[in-house]
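Take a look at the letters that make up each chain.
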Amino acid sequence: MSHTATLTTSISATNHGAPAVEVSNLRKEFVRRDRRPGRPRKRRVPALVDVSLRIERAECVAILGQNGSGKSTLVRLLSTLLLGDGGTARVFGYDVFSEPRPVRRLINRVSVEASFFKKMSSVENLSYAARFYGIPASETRTRIPMILERVGFPLDRRNESMENLSRGMQQKVALARALLTSPVLLLLDEPTTGLDPRSKLEVQNFIREIRTTHDATILLCTHDLAEAEALADRVGILDRGELLALEPAAKLKERYGASDLEEAFFSATGRSFELEENNDDDWRQ
Amino acid sequence: MPGSAATVRAELIGLGGIIERNAYLVKRYALWEVAFFVWTVANTLTIVFIAEGVEASGGSLDVNRQTTILLIGAVIWAYLGIIFEILTETVAWERWEGTIEYTFMAPLSRSVHLFGMGIFAVVYGVARAGLLFGVIAFFFDLEMPQANFVAALVVLGVSSVSFIGIGMMTAVLPLISPEKGTQLGFIAQGMLLVVSGVYYSVDVLPEPMQWLATISPATYALEGIRDAILEGTGVSDLWSQLWPLVVIGAISIPLGLAVFRRGELYAKQHGKLKRSG
Ligand SMILES: Nc1ncnc2c1ncn2[C@@H]1O[C@H](COP(=O)(O)OP(=O)(O)O)[C@@H](O)[C@H]1O
Ligand SMILES: [Mg+2]
């Protein structure tokens, strides 16, 4: 069975002509407890501030942002896992807040943490997950090994429990889980963060391969500048919950008169782009 | 309509997926399951020995009958524990493993998801309760000449509908209170049983607790099962226990689903689905 065949069935469930993602003035705040004396005990901290963006079908858009900038919040809102505090978000024409069911059928996601039942094997984790999307055992029996092989997972380890697998391998299984359901919109939330250089490259190559073999739309959140530039048609800069720009990397550099994305990021945000060690949301203190 | 037939098919496959996943977990944690069963046996023994203990210290009672009454109470306690644990703990467990977001973003409807958990809990719980009952009865060499086990199972089955409904309400607790939600589930289990005459007749309870007993499904479950096992009462004569169970079941399932849905909305509004921000 070919992946393209299953992909087309999903696409037919999308609203004709609607863009893959259409977000306008989207806002999300969280209530944070603060134990420091002299401050209000609870305060609302903004995670997304009036974000608007549009992603066309089959496009790959990368969102660059440091830790705490709101990338995961955006992905969670689009995955129907959070409710917004203002604005709208549509996936293939369906409102993610009021029509979550059709949206769920069209999307899948890979996040930083691999998120599996650790004592279960990769095949077991993938099998039950596929059922939630209505895929029967008769189909997964052949498709799971096939997809695992495609993402470069060593098939002889498919019955080993997840906890024995390296981070890189777990992340490949996470990719396989997302692809298994033939999503038309793939939400990748820092899929390569924390991976060793080789696994990172493999995952990136695989994302590139998905782009050429499927016409799936990809939203890639990352804090890896090179990854964003190499994989995406357009790059957005998300800073403190605000989307400052969203255009092809070349245009972005041109706009800020920068020689590379790091410089462009600095010009846009007024701060240098630091990796990993940047603590969650220091900027709010 | 082919569209809705496809949806029903997808939901049924999803229901199977929930059961399949729980079966994998039982298999992968088999040793733990055995240890947990041994613990339940030990726990049950401490209660069931009470009848012999009372006799040894000079009390006069029908030890065989009293032991059976205690055994039924202890088995129901353990059964209810399993139902609540599977419903509540799996949500908590999924939060801990981080899979919860993947489960909640899947197109499977929440009611089918929760029913799947309920069905698994009942199948697993009945098998475990049967085994527990058998092991302890064998241990004490209990005689139950009149016992109507089929009728007892029918009562247990009908009461399980209510237990699942209540379990759905407690399952939402880990979503709302990530830290203490599971413990609140245990509290609910204890409260339910204390008013339901788990090791004694509800007549001994103070007035307000007796009132609570009339709305607790466990009261009717315990009464019906004791009648079936001690007196050999058949299904047709257990109607006075069965109809309240049917009524409570018919209320608690939709209520349980509604409570869970509200809890899920709350969790999605406040970002509580995930363990950490
Ligand atoms: N569930 C949550 N509860 C409370 N605060 C949250 C939650 N999720 C995110 N936040 C806060 O919102 C901001 C954006 O977080 P996030 O979207 O995770 O950023 P990123 O993915 O870019 O690192 C951060 O300040 C974070 O602490
Ligand atoms: Mg993040």
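Rules used in this analysis
- Residues numbered from 1 in each chain as written.
- Chains lettered and ligands numbered in written order.
- Predicted model: local features only at pLDDT ≥ 70, side-chain atom pairs only at ≥ 80, totals over all residues.
- Heavy atoms only, no water.
- Buried < 20%, exposed > 50% of the residue type's maximum accessible area, 1.4 Å probe, protein only.
- Helix = DSSP H or I, 4+ residues; strand = E, 2+ residues; numbered from the N terminus.
- Pairing = 2+ DSSP bridges.
- 1 Å grid on protein atoms, 1.4 Å probe; cavity = no way out; pocket = protein on both sides within 12 Å on 5 of 7 lines; lining within 4 Å.
- Points joined across faces, edges and corners; volume = space filled by probe spheres on them.
- Nonpolar A, V, L, I, M, F, W, Y, C, P; charged D, E, K, R; others polar.
- Axes fitted to C-alpha atoms, helices over the stretch in contact; angles between N-to-C directions.
- Contact = heavy atoms within 4.5 Å.
- Phe/Tyr/Trp six-rings, centres within 6.5 Å; stacked < 30°, edge-to-face > 60°.
- Lys NZ or Arg CZ within 6 Å of the ring centre and 35° of its normal.

**Concerning the pairing of strand β9 (residues 234–239) of chain A**
Residue and element names in this part refer to chain A.
Alright, step 1. Judged by how many residues are buried, β9 sits mostly within the fold: 6 of 6 residues are covered.
Alright, step 2. Alternating residues of β9 divide into R234, G236 and L238 and V235, I237 and D239, and every residue in both groups is buried.
Alright, step 3. As paired strands, strand β3 (residues 60–64) and β9 are joined by 4 bridges and run parallel to one another. Bridge pairing in β9 places L64 opposite I237.
Alright, step 4. Alignment of β9 against strand β10 (residues 242–247), held across 5 bridges, turns out to be antiparallel. Bridging across to β10, G236 finds its partner in L246.
Alright, step 5. A loop of 2 residues connects β9 with β10, the two strands running antiparallel in sequence, and R240 in this loop sits at a positive phi of about 50 degrees.

**A look at empty space enclosed by the protein**
Where empty space is left becomes clear once a probe the size of a water molecule has been rolled over the atoms.
Alright, step 1. Here the structure, examined in full by the defined rule, presents 4 cavities of 30 Å³ or more.
Alright, step 2. Reported here for the largest cavity is a volume of approximately 100 Å³.
Alright, step 3. Taken together, N108(A), F116(A), N125(A), Y128(A), A129(A), F132(A), Y133(A), R177(A), T181(A), Y102(B), T103(B) and A106(B) make up the full set of residues lining the largest cavity.
Alright, step 4. Where the lining of the largest cavity is concerned, the elements lending two or more residues are α4 (122–131) of chain A together with α5 (100–104) of chain B.
Alright, step 5. Ranked by residue count, the leading element in the lining of the largest cavity is α4(A), at 3 residues.
Alright, step 6. Residues of the lining of the largest cavity, tallied by class, amount to 7 nonpolar, 4 polar and 1 charged.

**A short note on the sheet that holds β10(A)**
Residues and elements named next belong to chain A.
Alright, step 1. Spatial strand order, β6-β7-β8-β3-β9-β10: 6 strands in an open sheet with mixed pairing. Each having just a single partner strand, β6 (107–110) and β10 make up the two edges of the open sheet. With strand direction ignored, the average angle separating the axes of adjacent strands in the sheet is 15 degrees.
Alright, step 2. Helix α2 (residues 71–78) contacts β3, β6, β7 (185–189), β8 (217–222) and β9 of the sheet and is inclined by roughly 150 degrees relative to β8.

**What to know about the packing of aromatic side chains**
Alright, step 1. Considering all chains together, one arrives at 13 aromatic pairs over all chains under this definition.
Alright, step 2. Seen from their ring centres, F120(B) and Y124(B) are 5.7 Å apart, and the 10 degrees between their planes marks the pair as stacked. Of this pair, F120(B) and Y124(B) are both found in helix α6 (residues 110–140), 4 residues apart, which corresponds to roughly one turn of the helix. We note that F120(B), like Y124(B), is buried.
Alright, step 3. In this structure an aromatic cluster arises from ring pairing among F117(A), Y128(A), F132(A), Y29(B) and W93(B).
Alright, step 4. When the ring centre of Y102(B) is taken as reference, the NZ or CZ atom of R177(A) above it lies at 3.8 Å.
Alright, step 5. Positioned above the aromatic ring of Y128(A) is the side chain of R21(B), whose terminal nitrogen or guanidinium carbon lies 5.4 Å from the ring centre.

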